[in-house]
Amino acid sequence: MAYESLPPLTANTEWQALTSHARDMANVHMRELFHQDPGRFSRFSLTAAGLTLDYSKNRVRDDSLAQLFALARSRQLPQRIESLFLGEQVNTTEQRPALHFALRAPANASITVDGENIMPQVQATLDRMESFVWRVRSTQWRGFSNKPFTDVVSIGIGGSFLGPKLVSASLKPYWHGRLNCHYVANIDGSDITEVLRHIDPETTLFLIQSKSFGTQETLENTKVAREWFLHNGGCEQTIGKHFVAVTANDAAAREFGIEADNIFPMWDWVGGRYSLWSAIGLPTALTIGMDNFRALLAGAQHMDRHFRTAPLEQNMPVILGLLGVWYSNFFGADTHAVLPYDHYLRGLPAHIQQLDMESNGKRVRLDGQAVDYQTGPIIWGGVGANGQHAYHQLLHQGTRLAPADFIMPLKTHNPVGDHHRILFANGLSQTQALMHGKTEDEALKEMLDAGVPPADAKALAPHKAIPGNKPSNTLLFDKTTPETLGALIALYEHKVFVQGALWDLDSFDQWGVELGKQLGKDILSQLQPDLPKAGRIKALDSSTAGLIELYRRRDSGCHDPD
Ligand code: F6P
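Enquirer: Would you mind going over the site of the ligand with me for this structure?
Expert: Neighbouring the ligand are 14 residues; Ser160, Ser210, Ser212, Thr215 and Glu358 lie closest to it. Within the side chain of Ser210, a nitrogen or oxygen atom sits 2.7 Å from an oxygen atom of the ligand. Taken by itself the ligand offers 400 Å² of open surface, and the protein chains cover 87% of this. Counted by class, the shell around the ligand contains two nonpolar, nine polar and three charged residues.

Here it is as structure tokens:
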């Protein structure tokens, strides 16, 4: 099947039926749905790849879900899922497949690109990673003064940063005793300065992580790291011991001075935000060990198998994707919250932000026509229970709809005090409060029963009422382990694919980031000191010109642009 646009989504009869059904559901409160059906939880929950999804606290009935599945089928979702796994060019604007699942596929799988099975090179790279990781962790690979490595510094940004950083932080309990891992991403010099301040060049291994090997932030940080190394005991001859690169641009890496043997490959058929499963995961593999890295891959593979084979009605990524469409397109929700109730998973919202927003933050369909419906939501979130003391007020009493995913391991790695039981109770109570709410009458009665003077209670009741009917999904799993983490991240990768397929988008390109990079070059030239008049760009808008002037005068103490 050619991966191309279908007829316009909003003209679709299933879409129009859902528009009408959303009006019917607008005044149905989830309290009623739970009251009418004591078995709601068991009917609207499912387990797959070690995860259990409770989606009963959503504003749907059986007929709502049936209509959403009908919409999915009318948009050929089963066929599009199969297209993904068959390696078809689902990245239509770059004429590439999206094969992140190949990075964690069984070794004997056959996944072809231009007629060639890519699995041998995937496996060979995993074997190279394994050998490298073993040599570093066993101290066979040492620094220029023959000391074992104690610190790994990963220099990369976007998908070359967020994914490996998430996995490293999430699996801290599995870290090797000696190796510490640092991540440098930002072009703000404070980022790398704060890392270099605390490490020793003799025992530091730098990983330069860049699919393109052309990202300005990463190259500039690598230059600083290299200079720091050369000015602190290192020399050109020993760079090879301390600098390794992961890139699809082998030539650029070698031109930069990375030794050929120290370059691990990436491939065009894996997007940056989907690349943590590749050699971009080296910082993770170095800290948690290759066995745990392979367990991470196995967890994701389990979710891949589920996504490819489960019927839509029992398919976890499909259900999450459709519920997101339901709120984005039929209830006007602009955002979606990711709320991990696990300190180690605190980096999950940031990774999913890039995964979701860089994939589906699009405005044209595969055929280039502008969409006439909402597409990717704004992803936000933070760790629970902290968020309850920061932004949950808006979730409970705000005017905006912000569906939320509560992600909660059943066990902790650190059973201190009564903490995990309290944390878990918090998560459940939040989803219950969001669904159930508290009516004004209930608030009034509560205050009167507590002896609040009637006049005061009556005045306060509207302020204490909580509307409820706020949707949430709850994802449970035994513990945050390499397997469950792999399955969890893959779940969101596939949810994003489901929504992109329904919205008729190319979820695997990111043309929107190019303009900023282009304009950045011109503006950078305008900020250089001693810029001759002839070098000034005249045709600048007054805001940009005025701000440049303020920057140029920053040392003069004069901040009034003329
Ligand atoms: O500019 C966006 C982006 O290309 C992301 O998609 C990517 O993850 C990041 O920049 C880093 O790119 P690279 O790995 O090529 O340095």
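Enquirer: What should I look at first to understand the packing of helix α4 (residues 62-74) against helix α14 (residues 316-330) in this one?
Expert: When two helices pack together, their arrangement is given by the angle between the helix axes and by the axis-to-axis distance. At a closest axis distance of 10 Å, the pairing of α4 and α14 adopts a crossing angle of 100°. The pairing of α4 with α14 is recorded here as roughly perpendicular in orientation. Here Leu65, Leu68, Phe69 and Ala72 of α4 come into contact with α14, specifically with Val318, Ile319, Leu322, Leu323 and Trp326. When its residues are assigned to classes, the contact of α4 with α14 shows nine nonpolar, no polar and no charged.

Enquirer: Teacher, can you tell me more about the sheet that holds strand β5 (residues 151-155) here?
Expert: Overall, parallel pairing links the five strands, which are arranged β6-β5-β7-β8-β9 in an open sheet. Two strands lie at the open edges of the sheet, namely β6 (180-184) and β9 (263-265), each paired on one side alone. Strand after strand, the sheet turns through a mean of 20° between neighbouring axes, direction not considered. Summarising the sheet, strand β8 (residues 243-247) and β9 pair through three bridges and their orientation is parallel. Bridging from a neighbouring strand, Thr247 pairs with Pro265 of β9. Across the sheet, helix α6 (residues 119-137) touches β7 (204-209), β8 and β9, and the angle it forms with β9 is around 145°.

Enquirer: How should I be thinking about the nonpolar core in this particular structure?
Expert: The nonpolar side chains of a soluble globular protein tend to be buried with one another. Core analysis: the biggest nonpolar cluster contains 124 residues, and Phe132 and Trp326 have the highest contact counts within it. For this core, the element with the highest residue contribution is helix α20 (residues 482-502), accounting for 12 residues. Listed in part, the 22 residues of the second largest apolar core include Phe206, Phe213, Trp228 and Ile258.

Enquirer: Where do I start with the pattern of salt bridges in this structure?
Expert: Between side chains of opposite charge, a pair can form as their charged atoms come close. Enumeration over the complete set of coordinates arrives at 27 salt bridges. When the shortest N-O distance is used, the salt bridge between Glu94 and Arg96 registers 3.7 Å. Overall, the relative accessible area of 21% leaves Glu94 in the partly exposed class. For Asp504, the salt bridge goes to Arg365, with nearest N and O atoms at 3.6 Å. With a gap of 139 residues between them, Asp504 in the loop between α20 and α21 (514-527) and Arg365 in the loop between α15 (348-360) and β11 (378-381) connect regions that are remote in the sequence. One salt-bridge network, held together by shared partners, links Asp37, Arg43 and Asp62.

Enquirer: Would you explain the sheet that holds strand β12 (residues 404-409) in this entry?
Expert: The strand order across the open sheet formed by six strands is β1-β2-β13-β12-β10-β11, and the pairing between neighbours is mixed. The open sheet has two edge strands with one neighbour each: β1 (45-48) and β11. Here the strands of the sheet are splayed against their neighbours by 20° on average, with no regard to which way each runs. Pairing of strand β2 (residues 51-54) with strand β13 (residues 472-477) involves three bridges; the strand directions are antiparallel. Across the sheet, Thr52 pairs through a bridge with Leu476, a residue of β13. Each of β2, β10 (335-340), β12 and β13 is contacted by α20, which is oriented at about 150° to β13, the strand it contacts most.

Enquirer: What is the right way to read α21 from this model?
Expert: A turn of α-helix holds 3.6 residues, and therefore any two residues three or four places apart point the same way. Compared with the 20 Å implied by 1.5 Å per residue over 14 residues, the 20 Å span of α21 between its first and last C-alpha is a close match. Roughly 25° is the biggest bend found in α21, and it falls at Lys521.

Enquirer: Would you mind showing me how to read unusual backbone geometry here?
Expert: For residues that are not glycine, phi is negative in most cases, and the peptide bond is trans in most cases. Put simply, Gly384 and Ala385 share a cis peptide bond, and its omega is 15°. For Ala385, the position within the fold is in the loop between β11 and α16 (392-397). Positive phi, close to 50°, is recorded for Phe213, a residue that is not glycine. Counting through the fold element by element, Phe213 comes out in the loop between β7 and α9 (216-230).

Enquirer: Explain the packing of aromatic side chains to me, please; I cannot follow it from the model alone.
Expert: By convention here, two paired aromatic rings are described through the distance between centres and the angle between planes. For the structure shown, the criterion picks out 22 aromatic pairs. Between the aromatic rings of Trp15 and Tyr373, the centroid separation amounts to 5.9 Å while the plane-to-plane angle is 50°, which identifies the pairing as tilted. Separated by 358 residues along the polypeptide, Trp15 in helix α1 (residues 13-25) and Tyr373 in the loop between α15 and β11 bring together distant segments of the chain. Grouping residues by exposure puts Trp15 and Tyr373 together as buried. Arranged with centres 5.1 Å apart and planes meeting at 85°, the rings of Trp380 and Tyr391 form a pair that is edge-to-face. Taken together, the residues span a long stretch of sequence, with Trp380 in strand β11 and Tyr391 in the loop between β11 and α16 at a distance of 11 residues. Among the aromatic side chains, those forming a connected cluster through ring pairs are Trp15, Trp326, Tyr327, Phe330, Phe331 and Tyr373. Positioned above the aromatic ring of Phe34, the side-chain terminus of Arg40 is 5.3 Å from the ring centre. Between Arg128 and the ring centre of Phe264, over which it is positioned, the NZ or CZ distance is 4.3 Å.

What counts, and where the lines are drawn
The residue numbers shown here count from 1 along each chain, following its written sequence. Selection of residues for local features in this predicted model requires a pLDDT of at least 70, selection of side-chain atom pairs for listing and counting requires 80 or more, and totals for whole chains, interfaces and linings are taken over all residues. The basis for every side-chain value is the complete set of non-hydrogen atoms in the structure, without hydrogens or water. One heavy atom suffices: a residue is near a molecule or strand as soon as one of its heavy atoms comes within 4 Å of it. For this analysis, a polar contact is any N or O atom pair within 3.5 Å, provided that within protein one partner can donate a hydrogen and the other can accept it, and provided that sequence-adjacent residues contribute only side-chain to side-chain pairs. Accessible surface area values rest on a Shrake-Rupley calculation with a 1.4 Å probe, where residue burial reflects the displayed protein chains alone. Polarity classes work like this: nonpolar for Ala, Val, Leu, Ile, Met, Phe, Trp, Tyr, Cys and Pro, charged for Asp, Glu, Lys and Arg, and polar for all others, with Gly in that last group. Angles run from 0 to 180 degrees between N-to-C directions of axes, and those axes are lines fitted to C-alpha atoms, restricted for helices to the stretch in contact. In DSSP terms, a helix is any run of H or I states spanning at least four residues, a strand is any run of E spanning at least two, and both are numbered starting from the N terminus. By the definition adopted for this analysis, an angle is roughly parallel if under 35 degrees, roughly antiparallel if over 145, roughly perpendicular if from 65 to 115, and oblique otherwise. In this description, contact between two residues means that some pair of their heavy atoms is separated by no more than 4.5 Å. By definition, two strands form a pair when at least two bridges between them are found by DSSP. Nonpolar cores are built from buried Ala, Val, Leu, Ile, Met, Phe, Trp, Tyr and Cys residues. Side-chain atoms within 4.5 Å join them into one set. Classification of residues uses two cut-offs on accessible area relative to the type maximum, computed with a 1.4 Å probe and protein chains only: under 20% is buried, over 50% is exposed, and between them is partly exposed. Salt bridge, as used here: a side-chain nitrogen of Lys or Arg that lies within 4 Å of a carboxyl oxygen of Asp or Glu. Multiplying one less than the number of residues by 1.5 Å gives the expected span of a helix. To get the bend at any residue, fit one axis to the seven residues that end at it and another to the seven that begin at it, then take the angle between the two axes. A pair of Phe, Tyr and Trp rings is counted when the ring centres sit within 6.5 Å of each other, with Trp represented by its six-membered ring. The angle between the planes then sorts it: under 30 degrees is stacked, over 60 is edge-to-face, the rest tilted. For a lysine, the NZ atom is tested; for an arginine, the CZ atom; a charge sits over a ring if that atom is within 6 Å of the ring centre and within 35 degrees of the ring normal.

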